[in-house]
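Here is what each chain is made of, one letter per residue.
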Amino acid sequence: MRYPYWLLLVCAGCAARVVSPVAAPAAVAVRPEAAAPAPESVAPPPEAAAPVSGSAAPASPASGPVAASATPAPPEGASALAPCTESAEALAEEDDDAESLPADAETDGEVGEMQDTATSTAPAGPVYTAELSDADLTDKWKKEPASLGSMSVGFVESGRMVNSVQFPQGKDWIVVSPELAWATNETVDALSGVIRDVRSRFPNAPPIRVNAMSAKEGGYIRPHKSHQNGRDVDLGFYYPTVDPVRARERERYIDVGLNWELVRTLVTTTDVQMILVDKRVQKVLYDYALAHGEDKAWLNSLFNAGPSSILKHARHHRDHFHVRFYNARAQELGRRVAPLLALQPEHNMLSHRVRSGDTLGAIALRYNSSVAGIKKASRMKNTFLRIGQVLTIPLRGPCTHCPIPPAMVLPPRRMPPATQAPAVAAVSLDGATTPSVAAPCTPVAPATVTVPAAGTAGLSTAR
């Protein structure tokens, strides 16, 4: 059977249009910059940052933290391999001001700890509560739980508190929300001691703002992911005056010297676990500390040690420090008391986040609780649920599937060298410049940092 030539041409055209769109995605899928991981999620090995033949070489690592801010953009094809690749436009578009978040948004920059539970070898027995045998602990928990002191139960993103302490009012600080200023005794003592220490050395320093800590019984507080077991504190920056600055680029207006003294005191005098703060604030702190004689290797252990860094970048943390403390005694007590919670029903509770398909009856059945008990503990007026809502679940018996943190071994504090000689450390005996570790991955930094007012200028000098 013969067909007209025009019909064959039409069919050929249709076939071409069907096939042509398939080839384009295949070409895109093999582009290295599309397949490479984001620079913040995976730290590239040192050799990966080597310049591509024929392209402009990146700045030398020995250029230090100041040179890092002026490093030119890497050549095309190498953007996914360079350690600092975020453009000024990308950082400008990132809204890091926590005040711009909606009321029901979660601060996604907060870091949990449930995924990191095997960082140390478990001790053979109790370390920080060694004076309490299991029998003594059980007896005290039954008869007088208050005598045991503060306990940090569970994890920072899924936990509660027992015998919490409210952060007191004081002349050296301003408690912004007293109803959310509850923590363990260890956290309260550590933080108040640090603030008093800084103010004793710099009496003209304005009071610092103490923001969210935890609720009285711990548990979820909106909009935070963590802050659940009394070890997290949101701490405002030191500014030249007591009034905080509302500008987005806080690093331009903070008293850099006072804030570095705060960080240094936290690191050297307390068992701080981490300090979450925006990388642009880290940049000015790092540069200030290096310029005022701090040991570069020690600074890099705080800022540039990857997962082991104490100062970590977090989105929406450009206007405050998020400080998390180790609580050796409170954490160990919380871990040991977890199997005994059923002996004190008012403390035998956990949190549940509502997901699609949840009903109050199904949740009560899952946790061996009751609808009436959940409504009372969660202060609910009806049985309607919304996705993302966090409920407090009273348990009738021991929780057999609740995650329990491992026994913790408190790591040693990261102290600076006893003697510092920056000039000698920077130059070797033969006069050649000694290679140094790269500065924090903060390619964009403010052109200038506002100098504190005359009344506080003396606070930002080296010790």
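Residues numbered from 1 in each chain as written. Predicted model: local features only at pLDDT ≥ 70, side-chain atom pairs only at ≥ 80, totals over all residues. Heavy atoms only, no water.

**Some thoughts on the packing of helix 6 (residues 185–201) against helix 7 (residues 256–269)**
Right, so step 1: Orientation of helix 6 relative to helix 7, taken along the N-to-C sense of each, is 130°, at an axis distance of 10 Å. The pairing of helix 6 with helix 7 is recorded here as oblique in orientation. The way helix 6 lies across helix 7 gives a crossing that is right-handed. Facing Val194, Asp197, Val198 and Arg201 of helix 6, the residues of helix 7 in contact are Leu258, Glu261, Leu262, Thr265, Leu266 and Thr269.
Right, so step 2: Tallied by class, the residues present in the contact of helix 6 with helix 7 amount to five nonpolar, two polar and three charged. (Axes fitted to C-alpha atoms, helices over the stretch in contact; angles between N-to-C directions. Helix = DSSP H or I, 4+ residues; strand = E, 2+ residues; numbered from the N terminus. Parallel < 35°, antiparallel > 145°, perpendicular 65-115°, else oblique. Left-handed = near helix turned anticlockwise from the far one by under 90°. Contact = heavy atoms within 4.5 Å. Nonpolar A, V, L, I, M, F, W, Y, C, P; charged D, E, K, R; others polar.)

**Quick notes on the confidence of the model for the chain**
Detailed conclusions should not be drawn from predicted coordinates in areas where pLDDT is low.
Right, so step 1: Predicted confidence across the chain gives a mean pLDDT of 73, with 64% of residues reaching 70 or more.
Right, so step 2: Predicted confidence for residues 14–106 stays below pLDDT 50, and this span has 101 contacts to residues more than four positions away or in other chains.
Right, so step 3: Residue range residues 419–463 is modelled with pLDDT below 50. Its contacts to residues more than four positions away, or to other chains, number 89 contacts. (pLDDT = per-residue confidence, 0-100.)

**Focus: the pattern of salt bridges**
Right, so step 1: Applying the stated criterion across every chain yields a total of 15 salt bridges.
Right, so step 2: Of the charged contacts in the structure, one is a salt bridge between Asp172 and Arg199, with a shortest N-O distance of 3.0 Å. Here Arg199 lies in helix 6 and Asp172 lies in the loop between strand 3 (165–166) and strand 4 (173–175), a separation of 27 residues in the sequence. The two residues Asp172 and Arg199 agree in class, both being buried.
Right, so step 3: A single salt-bridge network, built from bridges that share partners, covers Lys171, Asp172 and Arg199. (Salt bridge = Lys/Arg side-chain N within 4 Å of Asp/Glu carboxyl O. Buried < 20%, exposed > 50% of the residue type's maximum accessible area, 1.4 Å probe, protein only.)

**Digging into the side chain of Ser369**
Right, so step 1: Residue position: Ser369 is located in the loop between helix 11 (360–366) and helix 12 (371–377).
Right, so step 2: Classification of Ser369 by relative accessible area gives buried; the value is 9%.
Right, so step 3: Not counting residues up to four positions away in its chain, the partners in contact with Ser369 are Ala364, Ile374, Ile393, Pro394 and Arg396.

**Re helix 7**
Right, so step 1: Taking 1.5 Å of rise per residue, 14 residues should cover 20 Å, and helix 7 covers 20 Å from first to last C-alpha, within 8% of that figure.
Right, so step 2: Within helix 7, 13 of the 14 residues are buried, which leaves it mostly tucked inside the rest of the structure. (Expected span 1.5 Å × (residues − 1).)

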